[in-house]
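The chain contents come next:
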Amino acid sequence: MDAKARNCLLQHREALEKDIKTSYIMDHMISDGFLTILEEEKVRNEPTQQQRAAMLIKMILKKDNGSYISFYNALLHEGYKDLAALLHDGIPVVSSSSGKDSVSGITSYVRTVLCEGGVPQRPVVFVARKKLVNAIQQKLSKLNGEPGWVTIYGMAGCGKSVLAAEAVRDHSLLKRCFPGGVHWVSVGKQDKSGLLMKLQNLCTRLDQDESFSQRLPLNIEEAKDRLRILLLRKHPSSLLILDDIWDPWVLKAFDNQCQILLTTRDKSVTDSVMGPNYVVPVESSLGKEKGLEILSLFVNMKKADLPEQAHSIIKECKGSPLVVSLIGALLRDFPNRWEYYLRQLQNKQFKRIRKSSSYDYEALDEAMSISVEMLREDIKNYYTDLSILPKDVKVPTKVLCILWDMETEEVEDILQEFVNKSLLFCDRNGKSFRYYLHDLQVDFLTEKNCSQLQDLHKKIITQFQRYYQLPSLLPDQEDCMYWYNFLAYHMASAKMHKELCALMFSLDWIKAKTELVGPAHLIHEFVEYRHILDEKDCAVSENFQEFLSLNGHLLGRQPFPNIVQLGLCEPETSEVYQQAKLQAKQEVDNGTLYLEWTNKKTIMNLSRLVVRPHTDAVYHACFSEDGQRIASCGADKTLQVFKAETGEKLLEIKAHEDEVLCCAFSTDDRFIATCSVDKKVKIWNSMTGELVHNYDEHSEQVNCCHFTNSSHHFLLATGSSDCVLKLWDLNQKPCRNTLFGHINSVNHCRFSPDDKLLASCSADGTLKLWDVTSANERKSINVKQFFLNSEDPQEDMEVIVKCCSWSADGARIMVAAKNKIFLWNIDSCSKVADCRGHLSWVHGVMFSPDGSSFLTSSDDQTIRLWETKKVCKNSAIMLKQEVDVVFQENEVMVLAVDHIKRLQLINGKTGQIDYLTEAQVSCCCLSPHLQYIAFGDENGAIEILEPVNNRIFQSRIRHKKTVRHIQFTADEKTLISSSDDSAIQVWNWQLEEYDVLQAHQETVKDFRLLKNSRLLSWSFDGTVKVWNIITGKVEKDFVCHQGTVLSCDISHDATKFSSTSADKTAKIWNVSNGELLHLCAPLSEEGAATHGGWVTDLCFSPDGKMLISAGGYLKWWNVVTGQSLQTFYTNGTNLKKIHVSPDFKTYVTVDNLGILYILQTLE
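Residues numbered from 1 in each chain as written. Predicted model: local features only at pLDDT ≥ 70, side-chain atom pairs only at ≥ 80, totals over all residues. Heavy atoms only, no water.

**Student:** Account for the pairing of strand E43 (residues 974–979), naming residues and giving values.
**Tutor:** Counting buried residues in E43 gives 6 out of 6 residues, a clear majority hidden from the surface. Residues Thr 974, Ile 976 and Ser 978 line one face of E43 and the alternating positions Leu 975, Ser 977 and Ser 979 line the opposite face, and both faces are buried. Alignment of strand E42 (residues 963–968) against E43, held across 5 bridges, turns out to be antiparallel. Opposite Phe 968, over in E43, you have Leu 975 as the bridge partner. The antiparallel hairpin formed by E42 and E43 contains 5 residues in its connecting segment, where Glu 972 sits at a positive phi of about 65 degrees. Inspection of the sheet shows E43 paired to strand E44 (residues 983–988) by 5 bridges, in the antiparallel sense. (Buried < 20%, exposed > 50% of the residue type's maximum accessible area, 1.4 Å probe, protein only. Helix = DSSP H or I, 4+ residues; strand = E, 2+ residues; numbered from the N terminus. Pairing = 2+ DSSP bridges.)

**Student:** Kindly report on helix H15 (residues 288–299), identifying the contributing residues and their values.
**Tutor:** Look at H15: 17 Å from first C-alpha to last across 12 residues, which is about the 16 Å you get at 1.5 Å a residue. Buried within H15 are the following residues: Gly 291, Leu 292, Ile 294, Leu 295, Ser 296, Phe 298 and Val 299. Following H15 by one or two positions, Asn 300 adopts a phi angle in the positive range, close to 60 degrees. (Expected span 1.5 Å × (residues − 1).)

**Student:** Outline the nonpolar core, listing residues and values.
**Tutor:** Counting 114 residues, the largest nonpolar core has Tyr 383, Leu 386, Phe 418 and Trp 483 as its most contacted members. Broken down by element, this core gets its largest block of residues, 9 residues, from helix H25 (residues 480–493). Excluding its chain neighbours within four sequence positions, the residues that come into contact with Leu 386 are Leu 400, Trp 404, Phe 418, Leu 424, Leu 437 and Leu 445. (Core = buried A, V, L, I, M, F, W, Y, C linked by side-chain atoms within 4.5 Å. Contact = heavy atoms within 4.5 Å.)

**Student:** Now, about the packing of H25 against helix H26 (residues 497–504): what can you tell me, with residues and values included?
**Tutor:** It is at 8 Å that the axes of H25 and H26 come closest, and there the two elements cross at 155 degrees. Between H25 and H26, the interaxial angle falls into the category roughly antiparallel. Classified by chirality, the crossing of H26 by H25 is left-handed. Facing H25, whose interface residues are Leu 487, Ala 488, Met 491 and Ala 492, H26 presents Glu 499, Leu 500, Leu 503 and Met 504. (Axes fitted to C-alpha atoms, helices over the stretch in contact; angles between N-to-C directions. Parallel < 35°, antiparallel > 145°, perpendicular 65-115°, else oblique. Left-handed = near helix turned anticlockwise from the far one by under 90°.)

**Student:** How would you summarise unusual backbone geometry if you had to cite specific residues and measurements?
**Tutor:** Not every positive phi belongs to a glycine, and Lys 679 is a case in point at roughly 75 degrees. Inspection of the secondary structure assignment puts Lys 679 in the loop between strand E16 (671–676) and strand E17 (681–685). Classification of Lys 679 by relative accessible area gives partly exposed; the value is 34%.

**Student:** Before we move on, can you summarise the packing of aromatic side chains with the specific residues and values?
**Tutor:** The description of two aromatic rings rests on the distance between their centres and on the angle between their planes. This model, assessed by the stated rule, comprises 28 aromatic pairs. Residues Trp 1116 and Tyr 1147 carry aromatic rings whose centres are separated by 5.2 Å and whose planes lie at 85 degrees to one another, so their mutual orientation is edge-to-face. Of this pair, Trp 1116 sits in strand E56 (residues 1114–1118) while Tyr 1147 is found in strand E59 (residues 1146–1150), placing the two residues 31 residues apart along the sequence. Neither residue differs from the other here; Trp 1116 and Tyr 1147 are each classed as buried. Among the aromatic residues, ring-to-ring pairing joins Phe 464, Tyr 468, Tyr 482, Trp 483, Phe 486 and Tyr 489 into one connected group. One Lys or Arg, Lys 175, reaches over the ring of Tyr 109 and ends 4.2 Å from the middle of that ring. The ring of Trp 1117 has Lys 1115 sitting right over it, with the charged end atom 5.6 Å from the ring centre. (Phe/Tyr/Trp six-rings, centres within 6.5 Å; stacked < 30°, edge-to-face > 60°. Lys NZ or Arg CZ within 6 Å of the ring centre and 35° of its normal.)

**Student:** Outline the pairing of E16, listing residues and values.
**Tutor:** Along any regular strand the residues' side chains alternate between the sheet's two faces. Most of E16 sits out of view: 6 of its 6 residues are buried. Across the two faces of E16 the burial is the same, with Phe 671, Ala 673 and Cys 675 and Ile 672, Thr 674 and Ser 676 all buried. Linking strand E15 (residues 660–665) back to E16 in an antiparallel pair, the connection comprises 5 residues, with Asp 669 at a positive phi of about 65 degrees. Count of turn residues in the E16/E17 antiparallel hairpin: 4 residues, of which Lys 679 carries a positive phi of about 75 degrees.

**Student:** Could you give an account of helix H10 (residues 160–167), naming the residues involved and the relevant values?
**Tutor:** For H10, a buried count of 6 out of 8 residues is recorded, marking the element as mostly surrounded by other parts of the structure. Where the residues of H10 are buried, they touch helix H9 (130–143), strand E1 (148–153), helix H11 (171–177), strand E2 (182–188) and strand E4 (259–264).

**Student:** Go over the sheet that holds strand E3 (residues 239–245), please, and point to the residues and values.
**Tutor:** Taken in spatial order, the 5 strands of this open sheet run E2-E3-E4-E1-E5, and their pairing is parallel. Since the sheet does not close on itself, it has two edges, and those belong to E2 and strand E5 (277–281), each with one partner. Each adjacent strand pair in this sheet contributes to an overall mean axis angle of 15 degrees, direction not counted. Both E2 and E3 contribute to a ladder of 6 bridges, which runs parallel. Bridge pairing in E3 places Ser 186 opposite Asp 243.

Encoded structure:
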């Protein structure tokens, strides 16, 4: 070793010995060829961590420059960047034409790419299988930068994962084919919730700087879309490696036109994916020579010197790398026991307890049994404790420290013994260890220790409760994510039902968990453990699930909303509300601001019935023609039929071999059609469940089916991922017509009420209308255009039109996309209504035969029945947003214009409504003592109504354009108005005197009356002006914003005023000199505004310390610090104005859905 390198190592020896953990440092050096197995054993035999580090450094000092470089690289890639920096100046110069930093051929570039991508390291004992690795690399090269799949398949334990990792451990391949990097995902056997967690973690890893989104995707389809964008824009030309795929449906989430390498036991999983697919089979056994090579490496002998029993052991192990490694690890510890272990394997000492195992792997059972029996007595029980580890989960050391009540070093020493014996695997993330079992080993342990599992789960819960109180579990703790994801699982497995209910029915837990992982996983747990939760209280369980479903779109956002405030918006009978109220009262005493929605009783829940007949996602639900029955189908492969009124189950059919995507009643209700991922279409007797017809002419999964409306001659239409629709005559076996035209999957189809047209929705973003008789395309509508005008982010937006449903008169059509339902008028193409109630994506919508209600079905496992009138009434803006409010003692009187332009006077306390008059009203106001009502119209006219005697006073001088705002002075003698004509009119209506204030260059947005006959006005010209309404002169003129000033207010002491603008900012100014004091709503780096839209109104508190603003929602601010104090999320958005009581305790606004909010400060 160079003197410079040696001196550098000696200089920093003490720091290195103090900090490093040698295990994985040595793995790297063994992999590089600079450390032998015997030297590793010598280091491991040292009693403490510091002594092991000292021994390793002592060995390195005796070696050459290559060992110094290998040690430096190992520090770098194991997260010891600070220690590696100390050694950087001592790195010796090594000439290398290949650029490789070790004899293994792995460059620093490869190490970095694989480390960042989460690719597992080589096992401690590694045997090259060059022929298979070369075959995989050749297939990867064939992808040539284009989307496609490479599948490595073989039986469990044959080394597929090691081969996949080894194939990408190649500098040339990565540089040439995957310059965007490699991203490894350990998938395993998953349900939908587990897959969503995997996708969320992958998205987080790919978007570490959160430049694309500040919240996790809430469902699989959203995650798929996010993944597509990240791989396309942030990580182009990268390789996604999916390890251990079990089910074809899992691949749908990753089928994003990218390059994918996957390992699986079943090569048919890729049968339905898009793009080229190259297959590499892995033989079930290593072969004799490779097996012997593994044994020779474990026992540090040449193959030729192995005893004859080695050949028999390989035969008994059936060539499995996992089993050979288990035996090899035993022989490393006891090199004289060849005969003993061979006899153990041959005599089948371990009686198989898995009678119908997922694997039929007898040799593994024997090897595992022997390995466990050979553990030291003092650590055997610790290995038994690992029986409760979830499959495909890497568990942080800290979790096991809590389980065993030990220090980190003690736990790592025990676990390292398991790793040395191939009974456990370890992975590194920075400086922390994470441990996991092969799922074969999990199966072995759970069945061997099945009688102890409940107690073992109880043990981990008991230990958790000793260490943690839930609110104290911090997100930056190493083990935090494990507890949030699996605490409920352990409680349920331990049959700790009381504790599970207390956990799941806790707002604190819901807040903490949803803030970290979003609401989707929590919803899944409510469904999975419903049988336990219902024992406690079925209604409470439903309360929490509804709360999560209806607020899911908020619980996934950043900054995270105040969950107590959300809970206060629930019905007063809900357990969620009662918990929120209790917490709010405690926090109010400490100065926290909370709001009660006092008139929420008048806002009814729009969904009439919610049922959960399926055990997985519901893909479709439909009414029978008589409206008495509902049929539904979903991911659990069943067809369910139940009563529409009560939800009582009538029929359950195991309908298909794969997920059932759609179902439809015939017009006479005798038949139900179903279609599936298995590419088949089936017709069933709706009363008996008997199979009547079976069609299989589609070449891809069949997504939709629908019968004609006439009972004279049945036709069935089906649409498929093969991009075509087919028409079937039930009296003929082959299909009658095939309809070509879509360029992507056909998601849904519906006959018009007169059966002349067939509507089809597609993933290509279009809605097509077909002539049923000729099978020709009549019209194609680009539905995506409708959604591109919505408020959702449009960047890279992919609009997949999920489904449609005609109204009975054919005049309206309902469309679902993402988690929203839209109702459109066909003739005008205008939106009639929209509603949101599902947590996850909506798969199906359907009107009832009479149009009075409609069904929606969703990934959140619910089917919702809605009343059309309520939804339309709610969405048709029952109240316009031009309202005025007068606060009198305990009374709140609201003057509003409804959707048919009638004036309403609403008592905010009682809800009583008085209808006053019909007029083309553009704005309105109440006089301070409620004696007069004024309103302006779109023609510039202004009228004053005296309700007592029904007298009307009309202004002789009109505005030139629409009147936007009017207000009485305190003495009720003068009415002030502003208009689009940029003028402000002052009308003393009793004396018939007029004055016009003219100084703004553009439309006057609004004004506010001040004390001492002063008036504050603001305009589209970006200025704010203070007027003297007696003289008609401008006293102060402020240029506040570049664009339109949307709202202003002045503090009660007249020292400060606020302004908001179309630039989505709110500013606070000094009145005397115009100095900017605070910027309350700055744009974030991503461009998303603090208010979710324009800030449209502001109001100071009487003491000038607090400010309320309206925009996408309501926000309360601390004027001194500029910090947000509370946020109230309305059902709709785009709030125009906020009316505030003089004591600053009551607030009134109307959202864009026409819902009135009367909010009261909680005291």
